[in-house]
Amino acid sequence: QKEVEQDPGPLSVPEGAIVSLNCTYSNSAFQYFMWYRQYSRKGPELLMYTYSSGNKEDGRFTAQVDKSSKYISLFIRDSQPSDSATYLCAMRSNRGSTLGRLYFGRGTQLTVWP
Amino acid sequence: DVKVTQSSRYLVKRTGEKVFLECVQDMDHENMFWYRQDPGLGLRLIYFSYDVKMKEKGDIPEGYSVSREKKERFSLILESASTNQTSMYLCASSSGGGRNEQYFGPGTRLTVT
């Protein structure tokens, strides 16, 4: 079993829809949770960053972490065609020598059509 | 802005060739990483480095080696390229402190024929 599971999709929604992207994980040592966005033929860029459990909102994007269920989500409100990209969840521990290493999900490919 | 650059966007090599992929970051970051990205498999960590001349194996180090002679430069070496190493290769760096965010380069699309 991979440490981080993410449904690869693809996911296709109309403009204005609410999008929900999710990941589950198995390692209870993970404390830092991230969402990266990757446009076609580009490297991933950090979109959202949260520490431990709770919600974080940034404009149309909301990240949720439920450590008791080992489940994280990214919600996109009023989705736009410019949101079309691959979204990767990532997480890391704060223990030991692998302090900086991230564990990624496989990524979910999202298309928002006008 | 942090900038991570990779030596080539597209590369075509023949089976058995020795291949060098170069990555340079300009933010004095301690940590550097090499990933490959394949459809359906996501990002897989090949090697990473926390300091000059230091390296650690990731999840798929077989067939690869790395070199970090200077803090800003991290090289990935394919000793004898094979067709199953055709992939997108992504380099990243992070500061090691605070959020420890990883910044990615644009990637190198390597094709081995």
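All of the points below concern the structure found in this document. (Residues numbered from 1 in each chain as written. Chains lettered and ligands numbered in written order. Predicted model: local features only at pLDDT ≥ 70, side-chain atom pairs only at ≥ 80, totals over all residues. Heavy atoms only, no water.)

**Side note on the overall build of chain A**
So, step 1. A count of helical and extended segments in chain A gives zero helices and 11 strands.
So, step 2. Taking 2.2 N^0.38 as the reference for a compact globule, 114 residues should give roughly 13 Å; the C-alpha atoms of chain A span a radius of gyration of 14 Å, in line with that estimate.
So, step 3. Taking the principal axes of its C-alpha atoms as reference, chain A extends roughly 45 × 30 × 25 Å.
So, step 4. Put simply, chain A has 114 residues, and 47% of those count as buried.
So, step 5. Contacts in chain A between residues at least 24 apart in sequence constitute 56% of all its contacts with a sequence separation of at least 6.
So, step 6. When the accessible area of chain A is evaluated, it comes to approximately 5,400 Å², of which 45% is carbon and sulfur surface.
So, step 7. Charge separation in chain A, taken as the distance between the mean sites of 13 positive and 10 negative side-chain charges, equals 8 Å. (Helix = DSSP H or I, 4+ residues; strand = E, 2+ residues; numbered from the N terminus. Rg over C-alpha atoms; globule rule 2.2 N^0.38 Å. Buried < 20%, exposed > 50% of the residue type's maximum accessible area, 1.4 Å probe, protein only. Contact = heavy atoms within 4.5 Å. Areas by Shrake-Rupley, 256 points an atom, 1.4 Å probe, with all protein chains shown as cover. Lys, Arg positive; Asp, Glu negative; His and termini not counted. Charge placed at Lys NZ, Arg CZ, Asp CG, Glu CD.)

**Focus on the interface of chain B and chain A**
One frequently used descriptor of interface size is the decrease in accessible area upon assembly of the parts.
So, step 1. If you look at the interface, chain B gives 24 residues, while chain A gives 19 residues.
So, step 2. For the pair chain B and chain A, the summed buried surface comes to about 1,800 Å²; carbon and sulfur atoms form 50% of the total.
So, step 3. When the area that chain B buries against chain A is broken down by residue, the three leading residues are B:Leu43, B:Arg99 and B:Phe104, summing to 26%.
So, step 4. In this assembly, chain B and chain A are joined by one salt bridge.
So, step 5. Note that B:Asp59 and A:Arg101 form a salt bridge whose closest N and O atoms lie 2.4 Å from each other.
So, step 6. Across the chain B-chain A interface, the total number found is five residue pairs in polar contact (both at pLDDT 80 or more). (Buried area = accessible area lost by both parts, 1.4 Å probe. Salt bridge = Lys/Arg side-chain N within 4 Å of Asp/Glu carboxyl O. Polar contact = N/O pair within 3.5 Å; in protein donor to acceptor, adjacent residues only side chain to side chain.)

**What to know about the environment of B:Cys23**
Residues and elements named next belong to chain B.
So, step 1. As for its placement among the helices and strands, Cys23 is situated in strand β3 (residues 19-25).
So, step 2. Sequence separation of Cys23 and Ser7 is 16 residues, and the distance between their C-alpha atoms is 6.4 Å.
So, step 3. Once you skip the residues sitting within four places of it in the chain, Cys23 turns out to touch Val4, Thr5, Met32, Trp34, Glu72, Arg73, Phe74 and Cys91.

**Brief notes about the nonpolar core**
When a protein is soluble and globular, its nonpolar side chains tend to lie buried together.
Residues and elements named next belong to chain A.
So, step 1. Ranked by internal contacts, the top residues of the largest apolar core, which has 25 residues, are Val4, Trp35, Ile72, Leu74, Tyr87 and Met91.
So, step 2. Residue assignment for this core shows that the elements contributing at least two residues are β3 (19-25), β4 (30-38), β5 (45-51), β7 (61-66), β8 (71-76), β9 (85-93) and β11 (108-113).
So, step 3. In this view, Ile72 contacts Leu21, Asn22, Cys23, Tyr25, Phe33, Met34, Trp35, Gln64, Val65, Cys89 and Met91; residues no more than four positions away in its chain are not counted. (Core = buried A, V, L, I, M, F, W, Y, C linked by side-chain atoms within 4.5 Å.)

**As for the packing of aromatic side chains**
So, step 1. Per the counting criterion, the structure on display carries 14 aromatic pairs over all chains.
So, step 2. Measuring from ring centre to ring centre gives 5.9 Å for A:Tyr25 and A:Phe30, while their planes differ by 55°; the resulting arrangement is tilted. A single burial state applies to A:Tyr25 and to A:Phe30, both of which are buried.
So, step 3. Aromatic side chains A:Phe30 and A:Tyr103 sit 5.3 Å apart centroid to centroid with 45° between the ring planes, which places their arrangement in the tilted category. Taken as a pair, A:Phe30 in strand β4 and A:Tyr103 in strand β10 (residues 103-104) lie far apart in primary sequence, 73 residues in all. Assigned by exposure class, A:Phe30 and A:Tyr103 land together as buried.
So, step 4. Ring pairing ties together the aromatic residues A:Tyr36, A:Phe104, B:Phe33, B:Tyr35, B:Phe48, B:Tyr50 and B:Phe104, which thus form one cluster.
So, step 5. Between the NZ or CZ atom of A:Arg92 and the centre of the ring of A:Tyr32, over which it lies, the distance is 4.1 Å. (Phe/Tyr/Trp six-rings, centres within 6.5 Å; stacked < 30°, edge-to-face > 60°. Lys NZ or Arg CZ within 6 Å of the ring centre and 35° of its normal.)

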